[in-house]
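Residue-level structural notes
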Amino acid sequence: MNRIDALFQQKKKEILSIYFTAGYPKLEDTCTILRTLQAAGADLVEVGMPYSDPMADGPTIQESGSVAIKNGMTVATLFAQIRSCRAEVEMPIIVMGYLNQMMQFGMEAFLRSAKEAGVDGLIVPDLPADVFEQEYRDLFNTYGIHLSFLITPQTSEARIRHIDSISTGFIYVVSDASITGAKAGISEAQIAYFKRIEEMELGKPRLIGFGISNAATFHTACQHSQGAIIGSAFIKSIGADERDLAARITQFMDGIRPPV
Amino acid sequence: MNRIDALFQQKKKEILSIYFTAGYPKLEDTCTILRTLQAAGADLVEVGMPYSDPMADGPTIQESGSVAIKNGMTVATLFAQIRSCRAEVEMPIIVMGYLNQMMQFGMEAFLRSAKEAGVDGLIVPDLPADVFEQEYRDLFNTYGIHLSFLITPQTSEARIRHIDSISTGFIYVVSDASITGAKAGISEAQIAYFKRIEEMELGKPRLIGFGISNAATFHTACQHSQGAIIGSAFIKSIGADERDLAARITQFMDGIRPPV
Amino acid sequence: MNFEVDNRGFYGEFGGAFIPEMLHANIEELRSQYLLIMESADFKSKFQALLRDYVGRPSPLYLAERLSEHYRTNIYLKREDLNHTGAHKINNTIGQILLAQALGKTRIIAETGAGQHGVATATVCALMGLECIVYMGAIDIERQAPNVARMKMLGAKVVPAHSGSKTLKDATNEAIRDWIGNPVETHYIIGSVVGPHPYPDMVARFQSVISLEMTSQLMEKTGSSNPNAIVACVGGGSNAAGAFYHYLDATDVRLIAVEAAGRGIDTGESAATSVLGSKGIIHGSRTLLMQTEDGQIIEPYSISAGLDYPGIGPLHAHLIETKRAEAIHITDQEALQSALQVARMEGIIPALETAHAFAALNKVKFKASDNVVVCLSGRGDKDLNTYIKKLLPNE
Amino acid sequence: MNFEVDNRGFYGEFGGAFIPEMLHANIEELRSQYLLIMESADFKSKFQALLRDYVGRPSPLYLAERLSEHYRTNIYLKREDLNHTGAHKINNTIGQILLAQALGKTRIIAETGAGQHGVATATVCALMGLECIVYMGAIDIERQAPNVARMKMLGAKVVPAHSGSKTLKDATNEAIRDWIGNPVETHYIIGSVVGPHPYPDMVARFQSVISLEMTSQLMEKTGSSNPNAIVACVGGGSNAAGAFYHYLDATDVRLIAVEAAGRGIDTGESAATSVLGSKGIIHGSRTLLMQTEDGQIIEPYSISAGLDYPGIGPLHAHLIETKRAEAIHITDQEALQSALQVARMEGIIPALETAHAFAALNKVKFKASDNVVVCLSGRGDKDLNTYIKKLLPNE
Ligand SMILES: Cc1ncc(COP(=O)(O)O)c(C=O)c1O
Ligand SMILES: Cc1ncc(COP(=O)(O)O)c(C=O)c1O
């Protein structure tokens, strides 16, 4: 069974997913981050494959990506890094990246390499549902790689149902009309939106992302979903000072989910 | 008899006329210049009435005019100055100025004041022949003020004959297509032009002006006319250094026509 | 009342050709030839083809809806800003360059204030492969830098005038001096309805295409070929002359001539000739001009280089003296504010000169049913530095 | 061969809408509405009236006699430089602003490279009284300063993009991000035939007025509505798309697309996408783009801000891949020299973008009897600083 499915079977709420940019702060940090996150209690990780023109991302993720690319991060390097420490990490690993890099790598080669590295799923913000269905769905199935689609406050009910039907693993609920990292709190309107989705009783579990930055927003989001994703806030915190990377990660994680 | 007519009756060649700007270098220099010129052998003077926009004049005369206006020179002041020393000066005095100032003063008042000051003639470069004939000729006659028109290398034979018929005193032969002060030597083409005019056997005497700057050009010009006019070169020489004004004038004049 | 030039070159008591003999042959050649050439089939077909395919005529007549609403009347803009090179000036330079060619001239000189006429002249010289020298006041060279760059790019030589106020008047003096010195092969393309006869009439005729087009455009849009009023700024007066031309005898059409008041009419820094001026001679023409009691021409002032001139053309002197035209005076500040208003309400950045015409809409009352044409004489690209500095200093 | 977009938004294998879900509702609204709105009588009459009276269309087709003689062929210039605001870009922004109004949008965003699209957008926003935010690369803000000033004068907010190469690509990223964050009341006016479907088709349709006018203008002037060749520069490709549009199926008309080679194709400082690019996705469209082996988009380089883009529109990718269009590459230096040539020979200062199209005349052989149309996409006022510095450094 895909590790993502296993996670959602076993855990129904308060799932904490952390997004980080591969190759940031340093090229070789990927495994350190994966190991530390697992030790600190993350349930799921999304590894951002840094891209030159990440149109759905805010400044924090974009800048971390620029640094990572300058550090030398490539698709092949990322897979090699994940493979090198996959045995030590039990969490599901999701790679988030933009379609262009996958096209250049070759979609089939990309899925094969992902599988070999131990990647469980992908998030590809600029892969439209219809292209996926017509061109790639079979390949994803062949390699057993999950694909989570996004929904937003503007997504129509019909379309949500369709996305529910084609997503594998979980649905990524974008918390607000915004790029990553843009907002701080969670508004009434957002909660109404979370509830609306909750009441649709979709087939796939939901993780809420974009603008989740601390324990408060994480717990609010979790009241209306299986869990939530923290990205920019995490990246900001680990790039912020001169201490040991693992210590910085642990401190951040302790702030979200205190060790029991 | 008008002093201009008297001069041309009495002297048929090598008439030396000097142009200077009234009020330059200093406001009160007009009489000094008139007296010194006479002593130094000038036959005729043209007193430039400084104008803000002297379109037929080159930079030297224009700049001397700007200085003179700043010094405070006005039409009334000029007439007062000429009147104040007219008794000491026997030469004919011609005032050269632009029509606008005369219009503002009132043409009749201007001619009357000129007459009273002892002025013998005018040169008004921007007074066209037809306007003169239709509007001003009678007034000039009434006050006995002469008016010399200009001819240039472009003036047609018919027009030269007409100008000859309406000019009083003499005809001003512009040596070249140029504003005042622009050229140095006298070319073959200019000499041919002087000869052409000479051979027309006009009724009025001719003085050649524009670009006459030294003894050589003065004598060349005089071979084909009754005389010539020096303007910019004179102004340049008297503005040039710190010596006594009269000394500078005398030195310049000695260079043109050595004392006998 | 007759508003045509008479055969001596006068509009009433204004006009004529008060020129030194050195220019007589040139002016006489022009005077005797200009109508013959302009009426010839060859000239007409070339002129009209270039106006259409090169200049981009007809220029639209545009109903400015937001301005109309604001001023509660119907405001039409005659879009001379859309002409090639960005102002009405090219109508005249196209005409004069064809005339110069017909006269066999090979060297062209011009004066310019705002630089629009200089650019329009440099443009037609490039088009015809003729040498071009443009005189421009040293101050104008600074405040209209983009147009200086354009002239150079077009291959013209730009010669600074350092005398007087270093503006349009002085550039004109220098151009006249050049012409005196080069009378045979040179044609002087004057940029406005100023100078000795036949220039005012010739330039007005070339610019009259503006009002000619208006007649049919107004007929189509309003059902009448006559507007109730025409508003145009007046430097020398060429865009106004062109916009008024076909309506001079239609005395129910109000003609509104807008002059630059500079810092204010009474400040001593102004260019409002019709108020501050008196009869005299400037640049070969008897007209209204600003002068001292002693007949020295006063150095004018306006923020707008194209209106910074101490005289107006003799036609306008005549129109204003006979009360056929109304004169309105607009300060620098008023013009700047109107430029911003037009930019923000209609998406059109007018030239600083033209902004004076727009500002007159605040000073004249119109009826809701009136059709008012503003001659949008030029675009404001050349004035951006001034606009940003004066209007948006914090951006 | 079919060059129309298919119902999924593809030209052959290029095109589509590769957008994040956050934009889906916006794009879907546009996709489902754009043809309905554009075909409505209300839209058509407003669009045509504004193109005529506000923009100044039809733009002339001008036979450039001196250039024709020089190149020994018949060169016609389609004068988009005479449009209001000085380039073809306004054809599209007029269309899109009417569309945005029909969709009830109240806030407008745009990206811009050379600033012409930004000015054209700021202009239509002022005209309609809508808020306007323009994203522009920090480098382009410097090199196209006059257009920045114009946008501010028109009331637009200009936001610098500091990421990547700080040019057009990055400004586009920022605009997309803004739209993601403001999906309901904002319309994004894209300035070229790029972006997700339906933008490439929509923008091409708005620009197709260029070739529509050419058909009748050529018929009048040459006796045939088809030229032998059409030459246009390609940044994203909107002026080229407009100039080619009505001739796509007329395969005897050569379509010549001119890209910026920058300092040279092999120098690593270039924007010649059709040579240096490969298939991929940029700004929501599958097309040709310049990218590394690892799929990172390469920062392009051209002296011309409007051509300094690492992709081309999907229509052009299709035209070039199928050999319907020929691609020509012009260096900075070649473009500069051609700008000077056109200024000096025709009295027209072209935009730096357009100068690339002119330079292609040196690279393609035409017959003496050929009729060649160069799309004169814009005027060069915005590029004067560059021209003077690079071409006339001693003046
Ligand atoms: C745009 C524009 N309007 C008006 C003028 C004033 O000239 P005129 O009064 O001759 O129309 C100028 C002069 O440069 C100008 O550039
Ligand atoms: C004058 C001009 N031409 C061409 C272009 C390139 O754009 P496109 O390829 O979309 O026509 C631009 C872009 O700004 C431009 O300003």
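Residues numbered from 1 in each chain as written. Chains lettered and ligands numbered in written order. Predicted model: local features only at pLDDT ≥ 70, side-chain atom pairs only at ≥ 80, totals over all residues. Heavy atoms only, no water.

**So, the overall build of chain C**
Spelled out, the test is: Strands here are runs of E lasting at least two residues and helices are runs of H or I lasting at least four, both read from the DSSP assignment and numbered beginning at the N terminus. We compute the radius of gyration from the C-alpha atoms alone; for a globule the expected value is 2.2 Å times N to the 0.38, where N is the number of residues. Note on classification: 1.4 Å probe, protein chains only; a residue is buried when its accessible area is under 20% of the maximum for its type, exposed when over 50%, partly exposed between these limits. Only the protein chains shown count as cover for residues, and all accessible areas are computed by the Shrake-Rupley method using a 1.4 Å probe. The charge count treats Lys and Arg as positive and Asp and Glu as negative. His and the chain ends do not count. To locate a charge, the coordinates of NZ of Lys, CZ of Arg, CG of Asp or CD of Glu are taken.
Secondary structure summary: chain C contains 16 helices and 14 strands in total. Scaling as 2.2 N^0.38, a compact globule of 395 residues should have a C-alpha radius of gyration of about 21 Å, and chain C matches this with 19 Å. Relative to its full complement of 395 residues, chain C shows a buried share of 70%. Total accessible area on chain C is roughly 12,000 Å²; 49% of this is exposed by carbon and sulfur atoms. In chain C, which carries 36 positive and 43 negative side-chain charges, the distance between the mean positions of the two groups comes to 3 Å.

**Considering the sheet that holds strand S8 (residues 206-209) of chain A**
All names here are of chain A. Worth spelling out the cut-off: DSSP bridges decide pairing: two strands pair if at least two such bridges lie between them.
Strands sit in the order S5-S4-S3-S2-S1-S9-S8-S7-S6 across an open sheet of nine strands; the sheet is parallel. Each edge of the sheet is formed by a strand with only one pairing partner; in this case those strands are strand S5 (146-147) and strand S6 (150-151). Judged from the four bridges that link them, strand S7 (residues 171-174) and S8 form a sheet pairing that is parallel. Bridge pairing in S8 places tyrosine 172 opposite leucine 207.

**A short note on the confidence of the model for chain C**
We count it as follows: Per residue, pLDDT measures the predictor's confidence, with a range of 0 to 100.
Of the residues in chain C, 100% reach a pLDDT of 70 or more, and the chain-wide mean stands at 97. Here the prediction assigns the complex a pTM of 0.96, and the interface score ipTM is 0.95.

**A look at the relation of the copies chain C and chain D**
What connects the two chain copies is a rotation about an axis and a shift along it. What counts, and what does not: Superposition of the copies used a least-squares fit over C-alpha atoms from residues whose pLDDT is at least 70 in both. The contact criterion used is simple: two residues touch if any of their non-hydrogen atoms lie within 4.5 Å.
Placing chain C over chain D gives an RMSD of 0.0 Å and needs a rotation angle of 180°, together with 0.0 Å of translation along the axis. Such a combination of rotation and displacement between the chain copies is what one expects of a two-fold axis. By C-alpha distance to the rotation axis, the residue of chain C lying nearest is leucine 82 of chain C, at 3.1 Å. Interface overlap between copies: 100% of the residues of chain C at the interface are likewise at the interface in chain D, consistent with a symmetric, same-surface contact.

**Quick look at the interface of chain C and chain D**
We apply this condition: In short, buried area is how much 1.4 Å probe accessible area vanishes from two parts on joining, totalled over both. When a carboxyl oxygen of Asp or Glu is within 4 Å of a side-chain nitrogen of Lys or Arg, the pair counts as a salt bridge. For this analysis, a polar contact is any N or O atom pair within 3.5 Å, provided that within protein one partner can donate a hydrogen and the other can accept it, and provided that sequence-adjacent residues contribute only side-chain to side-chain pairs. Gly is placed with the polar residues, together with every amino acid not listed as nonpolar (Ala, Val, Leu, Ile, Met, Phe, Trp, Tyr, Cys and Pro) or charged (Asp, Glu, Lys and Arg).
Counting residues at the interface gives 46 residues for chain C, matched by 46 residues for chain D. Taking both sides of the interface into account, the surface hidden between chain C and chain D amounts to around 3,600 Å²; carbon and sulfur atoms contribute 59%. Counting every contact that joins chain C to chain D gives eight salt bridges. Its salt-bridge partner being arginine 52 of chain C, residue glutamate 220 of chain D comes within 2.8 Å of it at the nearest N-O pair. In this structure, the connection of chain C to chain D is made through 22 residue pairs in polar contact (both at pLDDT 80 or more). The set of elements that each furnish at least two residues to the side of chain C that touches chain D consists of helix H2 (41-55), strand S3 (61-63), helix H5 (116-128), helix H7 (145-153), helix H10 (209-222), helix H14 (332-346) and helix H16 (384-391) of chain C. Counting residues per element, the side of chain C that touches chain D draws most heavily on H14 of chain C, which supplies six residues. Here the residues of the side of chain C that touches chain D are counted per class, giving 25 nonpolar, seven polar and 14 charged.

**A look at the domain arrangement of chain C**
All names here are of chain C. Note the threshold: Segmentation into domains, and thus their bounds, comes from an automatic or database assignment.
For chain C, the assigned domains are domain 1 (17-50 + 89-202) and domain 2 (56-86 + 207-391). Here domain 1 and domain 2 have C-alpha centroids that lie 22 Å from each other. Contacts between domain 1 and domain 2 engage 35 residues on the former and 40 residues on the latter. Buried area between domain 1 and domain 2, both sides added, is near 2,700 Å², and the carbon and sulfur share of it is 56%. The tally of links between domain 1 and domain 2 comes to one salt bridge. Measuring nitrogen to oxygen at the nearest pair gives 2.6 Å for the salt bridge that ties aspartate 308 to arginine 143.

**Details of the state of the cysteines**
Here is the rule we go by: The criterion for a disulfide is a pair of cysteine sulfur atoms lying within 2.5 Å.
Within this structure, the stated rule accounts for two disulfides over all chains. Residue cysteine 31 of chain A pairs covalently with cysteine 85 of chain A via a disulfide, S to S 2.2 Å. What sets the handedness of the cysteine 31 of chain A and cysteine 85 of chain A disulfide is the S-S torsion sign, and at about -85° it is left-handed. Residue cysteine 31 of chain A is found in helix H2 (residues 30-39), and its partner cysteine 85 of chain A is found in helix H4 (residues 75-85); the two are separated by 54 residues along the sequence. Like cysteine 31 of chain A, the residue cysteine 85 of chain A is buried in the burial classification. Unpaired in terms of disulfides, cysteine 132 of chain C finds its nearest cysteine sulfur in cysteine 125 of chain C, a separation of 3.7 Å. When its relative accessible area of 5% is taken as the criterion, cysteine 132 of chain C is described as buried.

**Description of the packing of helix H6 (residues 107-117) of chain B against helix H7 (residues 129-143) of chain B**
Residues and elements named next belong to chain B. Let me state the cut-off plainly: The axes used here are C-alpha line fits, helices contributing only the stretch in contact, and every angle between their N-to-C directions lies in the interval 0 to 180 degrees. Comment on the angle field: the value is read as roughly parallel under 35 degrees, roughly antiparallel over 145, roughly perpendicular from 65 to 115, and oblique elsewhere. Each crossing is labelled by how the near helix is turned from the far one, with a counterclockwise turn of less than a right angle marking it left-handed and a clockwise turn marking it right-handed.
As a packed pair, H6 and H7 sit with axes 10 Å apart at the nearest point and diverge in direction by 25°. As far as their axial angle goes, H7 and H6 are roughly parallel. With respect to the hand of their crossing, H6 and H7 are arranged in right-handed fashion. For the pair H6 and H7, the contacting residues are Met107, Glu108, Leu111, Arg112 and Lys115 in the first and Tyr136, Leu139, Phe140 and Tyr143 in the second.

**Section: the environment of proline 205 of chain B**
Residues and elements named next belong to chain B. Inspection of the secondary structure puts proline 205 in the loop between helix H9 (188-199) and strand S8 (206-209). Using a relative accessible area of 16% as the deciding quantity, one classes proline 205 as buried. Along the primary structure proline 205 and leucine 16 are separated by 189 residues, whereas in three dimensions their C-alpha atoms are 13 Å apart.

**Focus on the site of ligand 2**
Residues and elements named next belong to chain D. Going by this rule: In this text, near means that some heavy atom of the residue lies within 4 Å of the molecule or strand in question.
Inspection of the region around ligand 2 gives 19 residues, with Ser192, Gly235, Gly237, Ser238 and Ser377 positioned closest. Interatomic distance of 3.0 Å between a side-chain N/O atom of histidine 88 and an oxygen atom of ligand 2. The contact in question runs from an oxygen atom of ligand 2 to an N or O atom on the side chain of lysine 89, over 3.0 Å. At the level of elements, helix H11 (238-244) and helix H15 (352-359) are the ones that each hand at least two residues to the shell around ligand 2.

**Regarding the site of ligand 1**
Residue and element names in this part refer to chain C. Of all residues adjacent to ligand 1, which total 19 residues, the nearest are Ser192, Gly235, Gly237, Ser238 and Ser377. Within the backbone of glycine 235, an N or O atom sits 2.7 Å from an oxygen atom of ligand 1. In this structure, an oxygen atom belonging to ligand 1 sits 3.2 Å away from a main-chain N or O atom of glycine 236. Bound to the protein, ligand 1 loses 98% of the 390 Å² it would expose on its own. The set of elements that each furnish at least two residues to the shell around ligand 1 consists of helix H11 (238-244) and helix H15 (352-359). Of the residues contributing to the shell around ligand 1, the split by class is five nonpolar, 12 polar and two charged. Residue contributions to the shell around ligand 1 reach at least three from each of two domains, namely domain 1 (17-50 + 89-202) and domain 2 (56-86 + 207-391).

**Description of H4 of chain A**
The α-helix advances 3.6 residues per turn, and as a result positions three or four apart in sequence lie on the same side. Residues and elements named next belong to chain A. Which entries qualify depends on this criterion: The arc refers to the directions leading from the helix axis to the C-beta atoms.
Looking at H4, one finds that the buried residues are Val75, Leu78, Phe79, Gln81, Ile82 and Cys85. Axial view of H4: buried residues confined to an arc of 160°, hence all on one face. Those residues of H4 hidden inside the fold are in contact with H2, strand S2 (44-48), strand S3 (93-96), helix H5 (99-105) and helix H6 (107-117).

**Some details on the sheet that holds strand S7 (residues 157-161) of chain D**
Residues and elements named next belong to chain D. Pairing in this open sheet of four strands is parallel, and the strands run S7-S6-S5-S8 from one edge to the other. This sheet does not close on itself; its edge strands, each paired only once, are S7 and strand S8 (186-188). Pairwise comparison of adjacent strand axes, ignoring direction, gives a mean angle of 25° for this sheet. When strand S5 (residues 107-112) meets S8, the two strands line up parallel, connected through three bridges. The residue of S8 that forms the bridge with isoleucine 108 is histidine 187.

**Some thoughts on the interface of chain D and chain A**
The interface is formed by 33 residues belonging to chain D together with 37 residues belonging to chain A. With both chains or domains summed, chain D and chain A bury close to 2,800 Å², and 52% of this area falls on carbon and sulfur atoms. For the interface between chain D and chain A, the tally reads three salt bridges. Between glutamate 21 of chain D and arginine 159 of chain A there is a salt bridge, with its nearest N and O atoms 2.8 Å apart. Put simply, chain D and chain A have 21 residue pairs in polar contact (both at pLDDT 80 or more) between them.

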